[in-house]
Amino acid sequence: MSYTTQLLDLITKQNGLVLTRDAEAAGIPRYYLTLLARQGLIERVSHGIYVSPETFEDDLYMLQARSPQLIFSHETALYLHDLTDRDPITYSVTVPVGYHNRLLTDGGLQVYSVKKE
């Protein structure tokens, strides 16, 4: 089975979203992500995140996929659990102390930190 076919199967299994680390874990070289993006079979939406053209781009899902230690908190958590009738103006997240906060705050998130204990 070719790398292209393997990658397309992986994208299908993951509901249209694939991360660079997922492709590498499956033994598929990164170049094939670029190749499929150039052919228009997938789109690069962010660093290390690719989606198929028919996939709905859910910002919160992609943020969680890119930063697995990130937890949605405060008014964002209320919104996700349908405990408020307002959309959050900015998304609030909580991360362990020292988890590259600058990258998250530059992305327009309200970042809170807690100790790992």
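Keep in mind that this is a model prediction, so the values were computed, not measured.

Draft legend 1. The overall build of the chain, seen in detail. Summing up its helical and strand segments, the chain has 6 helices and 6 strands in all. Sequence-ordered secondary structure for the chain, helices as α and strands as β, is α-β-α-α-β-β-α-β-α-β-α-β. Considering only C-alpha atoms, the chain reaches an extent of 45 × 30 × 25 Å along its principal axes. Each of the 117 residues in the chain was classed as buried or not, and the buried ones make up 33%. Counting contacts in the chain only where the partners sit at least 6 residues apart, residues at least 24 apart contribute 32% of the total. Counting every atom, the chain has about 7900 Å² of accessible surface; 52% of that belongs to carbon and sulfur. Taken as two groups, the 10 positive and 14 negative side-chain charges of the chain have centres that lie 11 Å from each other.

Draft legend 2. Region of the structure containing the environment of Leu80. Its location among the elements puts Leu80 in helix α5 (residues 74–80). With a relative accessible area of 43%, Leu80 lands in the partly exposed category. Setting aside anything within four residues of it in sequence, one finds Leu80 in contact with Leu60 and Phe72.

Draft legend 3. The side chain of Thr76, seen in detail. For Thr76, the location among the structural elements is in helix α5. If we skip the residues at most four places from it in the chain, Thr76 touches Pro88, Thr90, Tyr91 and Ser92.

Draft legend 4. Representation of unusual backbone geometry within the structure. For Asn15, which is not glycine, the phi dihedral falls at a positive 55°. Position of Asn15 among the secondary structure elements: in the loop between α1 (3–13) and β1 (17–19). Unlike most non-glycine residues, Asp82 shows phi in positive territory, near 55°. Note that Asp82 resides in the loop between α5 and β5 (92–96). By relative accessible area, which is 68% here, Asp82 ends up exposed.

Draft legend 5. View of the pattern of salt bridges. Under the criterion given, the structure shown has 1 salt bridge. A salt bridge links Glu24 to Arg30, with the nearest nitrogen and oxygen atoms 2.3 Å apart. Assessed through its relative accessible area of 52%, Arg30 is described here as exposed.

Draft legend 6. Geometry of the sheet that holds strand β2 (residues 43–46). Reading across from one edge, β1-β3-β2 is the order of the 3 strands in this open sheet, with antiparallel pairing throughout. The sheet is open, and its two edges are formed by β1 and β2, each paired on a single side. On average, adjacent strands in this sheet sit at an angle of 35° to one another, irrespective of strand direction. Across 3 bridges, the pairing between β1 and strand β3 (residues 49–51) is antiparallel. By the bridge assignment for β3, Val18 is matched with Tyr50. Helix α4 (residues 59–66) contacts β1, β2 and β3 of the sheet and is inclined by roughly 25° relative to β1.

Draft legend 7. Structural view of the packing of aromatic side chains. Applying the stated criterion across every chain yields a total of 2 aromatic pairs. Between Tyr3 and Tyr32, the aromatic rings sit 5.1 Å apart at their centres with planes inclined by 55°, giving tilted as the arrangement. In this pair, Tyr3 sits in helix α1 while Tyr32 sits in helix α3 (residues 31–39), placing the two residues 29 residues apart along the sequence. Given a relative accessible area of 23%, Tyr32 falls into the partly exposed group.

Reading the values: the criteria
- Residues numbered from 1 in each chain as written.
- Predicted model: local features only at pLDDT ≥ 70, side-chain atom pairs only at ≥ 80, totals over all residues.
- Heavy atoms only, no water.
- Helix = DSSP H or I, 4+ residues; strand = E, 2+ residues; numbered from the N terminus.
- Buried < 20%, exposed > 50% of the residue type's maximum accessible area, 1.4 Å probe, protein only.
- Contact = heavy atoms within 4.5 Å.
- Areas by Shrake-Rupley, 256 points an atom, 1.4 Å probe, with all protein chains shown as cover.
- Lys, Arg positive; Asp, Glu negative; His and termini not counted.
- Charge placed at Lys NZ, Arg CZ, Asp CG, Glu CD.
- Salt bridge = Lys/Arg side-chain N within 4 Å of Asp/Glu carboxyl O.
- Pairing = 2+ DSSP bridges.
- Axes fitted to C-alpha atoms, helices over the stretch in contact; angles between N-to-C directions.
- Phe/Tyr/Trp six-rings, centres within 6.5 Å; stacked < 30°, edge-to-face > 60°.

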